[in-house]
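Chain residues, written in single-letter form:
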Amino acid sequence: MRVQIPPRAPTIMPELPEVEIVVRQLRPRLCGRIIRHVEVCDPKIKLTGQLVGDRIKKIHRRAKFIIFDLTGHRHLLIHLRMTGWFEFVRPERYRLAIHAGKSAAYFTDSRRFGTVELLSTRELTCKLTKLGPEPFQFDGHRLQQTTRPIKVALLDQSLIAGIGNIYASESLWRARINPQRPSRRLRPAEWRRLQRSLVAALRKGISYGPRIFDVQEFFAYDRTGKPCRRCRTPIRRIVLAQRATFFCPHCQH
DNA sequence: AACGTACCCTGCCGGC
DNA sequence: TGCCGGCAGGGTACGT
């Protein structure tokens, strides 16, 4: 009998929905608890300042950032970048562990691109003000200023915050908009479609919960040559601003 | 101002 | 079979 080859783990690339899912997992375990112990296993993570004894007052998300509000006007600002994730059962490898109350959260991140910083409220505010609005508070105003391709504009965190490579291609497929279209050239009806598509794609992602990487199916992303789920035309892959971009050449205009 | 590019890092994949 | 080079990718810093 042939040995079943386990399906290859899909590339984990946390964007807004994945970060929201992580935040929702962190909250019930750590929120309101006192930090008992912190393990910093990776010298790349520099946490100046003692965290033990602090209470985690609030855990929230802004774009793709995870924020722990601590006592004393201090905040942990975490970005998962490409491979970051939180586990709650001790994994083989992890870069950081936060033990609070009876729980522990383990920060795993094979490529070590993720960042963890301890900031004052002032420093945190400074960092976050550079971000554009959340996609749920969609405001096409800034996006309409630029001549760059709409796909590239969607990735610019100062114009709209939280969209990454996957959801950019997915939402444009849903809205039937060609990713190469100059952002400025989109018509009002297309902006409305894009807004609805973004929200729908993100909400769908969030709804999968922690199993998102096992169950998520894409319409365009990573489907080069495969038939479009609307019209069967092969999905095309192009590169825009050094990023792989996937779209249906037939139904996205 | 607006846009392009190098860089960080590791796992994976294709070619030899 | 195994090695190795190339690539992917978010965000930032820097160049044009």
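For the structure, see preceding data.
What comes next concerns the included structure. Note that the structure is predicted; figures quoted are calculated from it, not measured.

With respect to the packing of helix 1 (residues 16-30) against helix 6 (residues 188-208)
Any two packed helices are characterised by the angle at which their axes cross and by the distance between the axes.
Link 1 in the chain: Running from amino to carboxyl end, helix 1 crosses helix 6 at an angle of 35°, the nearest separation of the two axes being 8 Å. Where helix 1 crosses over helix 6, the handedness of that crossing is right-handed. Only Leu202, Gly205 and Ile206 of helix 6 make contact with helix 1, whose side of the interface consists of Leu16, Pro17, Glu20 and Ile21.
Link 2 in the chain: Taken together, the residues that form the contact of helix 1 with helix 6 break down as five nonpolar, one polar and one charged.

Topic: the protein's contact with DNA strand C
Link 1 in the chain: Taken together, the residues surrounding DNA strand C are Met13, Lys64, His79, Arg81, Met82, Arg111, Phe113, Gln157, Gly164, Asn165, Arg243 and Ala244.
Link 2 in the chain: A class-by-class count of the residues in the surface near DNA strand C yields four nonpolar, four polar and four charged.

Considerations on the protein's contact with DNA strand B
Link 1 in the chain: Near DNA strand B lie 11 residues; those nearest to it are Ser110, Arg111, Arg112, Thr146 and Thr147.
Link 2 in the chain: Tallied by class, the residues present in the surface near DNA strand B amount to three nonpolar, four polar and four charged.

Observations regarding the nonpolar core
Link 1 in the chain: Ranked by internal contacts, the top residues of the largest apolar core, which has 53 residues, are Val22, Leu30, Phe86, Leu172, Ala220 and Phe247.
Link 2 in the chain: Apart from residues lying up to four places away in sequence, leucine 30 is in contact with Ile56, Ile59, Ile98, Ala100, Ser103 and Ala105.

Calculation notes
Residues numbered from 1 in each chain as written. Chains lettered and ligands numbered in written order. Predicted model: local features only at pLDDT ≥ 70, side-chain atom pairs only at ≥ 80, totals over all residues. Axes fitted to C-alpha atoms, helices over the stretch in contact; angles between N-to-C directions. Helix = DSSP H or I, 4+ residues; strand = E, 2+ residues; numbered from the N terminus. Left-handed = near helix turned anticlockwise from the far one by under 90°. Contact = placed C-beta atoms within 7 Å. Nonpolar A, V, L, I, M, F, W, Y, C, P; charged D, E, K, R; others polar. Near = placed C-beta within 6 Å. Core = buried A, V, L, I, M, F, W, Y, C linked by C-beta atoms within 7 Å. Buried ≥ 20, exposed ≤ 12 C-beta atoms within 10 Å, placed from the backbone.

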